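# Architecture at a glance
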Amino acid sequence: MIELIPAIDLIDGKCVRLTQGDYDSKKIYNEDPLEVAKTFEDHGMRRLHVVDLDGAREGRIINYRVLECLASRTSLVIDFGGGLKSEKDLEIAFDSGAAMITGGSIAVKEPERFASWLRQYGSRKIILGADAKNKKIAIDGWQTTTEKELIPYIQAYHQQGIRTVICTDISRDGLLQGPATGLYREIREALPDIYLIASGGVSSVDDIEQLEAAGIPAVIFGKAIYERRIRLSDLIRFTGAAHK
């Protein structure tokens, strides 16, 4: 059964969504992220993907108080990313309740530092964020597309011990036009041992079923819920939970 991971993106402590990483496209969905997280929890979700968009822009962790609130007042297993650039950032994130952190741009710009985090904390706590545009790795809030090819990039970190990867196809993110299932299948075929978390483009329950049929282990979704394209009650069959 595919693992469902709802997302909460944070700006100024509020639950927002962007389209293709564009801050000018910001839309506020709820001013209380805890309320949103509790709703996810009530519908059987066990994981939560939290992105500190302020942190991503500033290059340091910003919304750790919100993280602390979500972690202490729900039972959700939280992976946290956005602006984690230093050992101090990681320390704050883990102290605030993150079970795992996701490193994206840092893994490209400072591979030795990212590899040291992997050695220090282990593959259960460090997730590689591999965001791609036309199969090339993108960084800096998706503003910069590198020459690094997606699959060889993941393979190189797999050889260093990475076991979990969140891959976002930027061209799909926030557009509600369906996920890049073909791309994710390609990654799975090249790296069957990776716990691949697909992200971007999910617009319906059918999209989730499509990813599950392709053998994708997990999926992150957000905008489809906030825009009411998917109802949480429709996802009960994936979570096996009854609504509280």
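The structure we're discussing is the one just above.
Quick look at the structure, then. (Residues numbered from 1 in each chain as written. Predicted model: local features only at pLDDT ≥ 70, side-chain atom pairs only at ≥ 80, totals over all residues. Heavy atoms only, no water.)

### Some remarks on the overall build of the protein chain
Helix and strand content of the protein chain: 11 helices and 12 strands. Taken over C-alpha atoms, the radius of gyration comes to 16 Å for the protein chain, in line with the 18 Å a tight globule of 244 residues would show. Counting only C-alpha atoms, the protein chain reaches 45 × 40 × 35 Å along its principal axes. Scored against the burial criterion, the 244 residues of the protein chain give a buried share of 55%. A separation of at least 24 residues holds for 66% of the contacts in the protein chain among residues at least 6 apart in sequence. As displayed, the protein chain has an accessible area near 10800 Å², and 43% of this comes from carbon and sulfur atoms. Side-chain charges of the protein chain comprise 32 positive and 36 negative groups, with the mean position of each set lying 1 Å from the other. (Helix = DSSP H or I, 4+ residues; strand = E, 2+ residues; numbered from the N terminus. Rg over C-alpha atoms; globule rule 2.2 N^0.38 Å. Buried < 20%, exposed > 50% of the residue type's maximum accessible area, 1.4 Å probe, protein only. Contact = heavy atoms within 4.5 Å. Areas by Shrake-Rupley, 256 points an atom, 1.4 Å probe, with all protein chains shown as cover. Lys, Arg positive; Asp, Glu negative; His and termini not counted. Charge placed at Lys NZ, Arg CZ, Asp CG, Glu CD.)

### Comments concerning the packing of aromatic side chains
In this structure the tally under the stated criterion is 6 aromatic pairs. Aromatic pair Tyr 29 and Tyr 226: ring centres 5.1 Å apart, planes at 25°, arrangement stacked. Of this pair, Tyr 29 sits in strand β3 (residues 22-30) while Tyr 226 sits in helix α10 (residues 223-226), placing them 197 residues apart in sequence. Plain terms: the ring middles of Phe 40 and Tyr 226 are 6.5 Å apart, the flat faces sit at 55° to each other, and that makes the pair tilted. Separated by 186 residues along the polypeptide, Phe 40 in helix α1 (residues 33-42) and Tyr 226 in helix α10 bring together distant segments of the chain. For the residue pair Phe 40 and Tyr 226, the accessibility class agrees, reading buried in each case. Here a set of aromatic residues connected by ring pairs shows up, and it is made of Phe 114, Trp 117, Tyr 153 and Tyr 157. (Phe/Tyr/Trp six-rings, centres within 6.5 Å; stacked < 30°, edge-to-face > 60°.)

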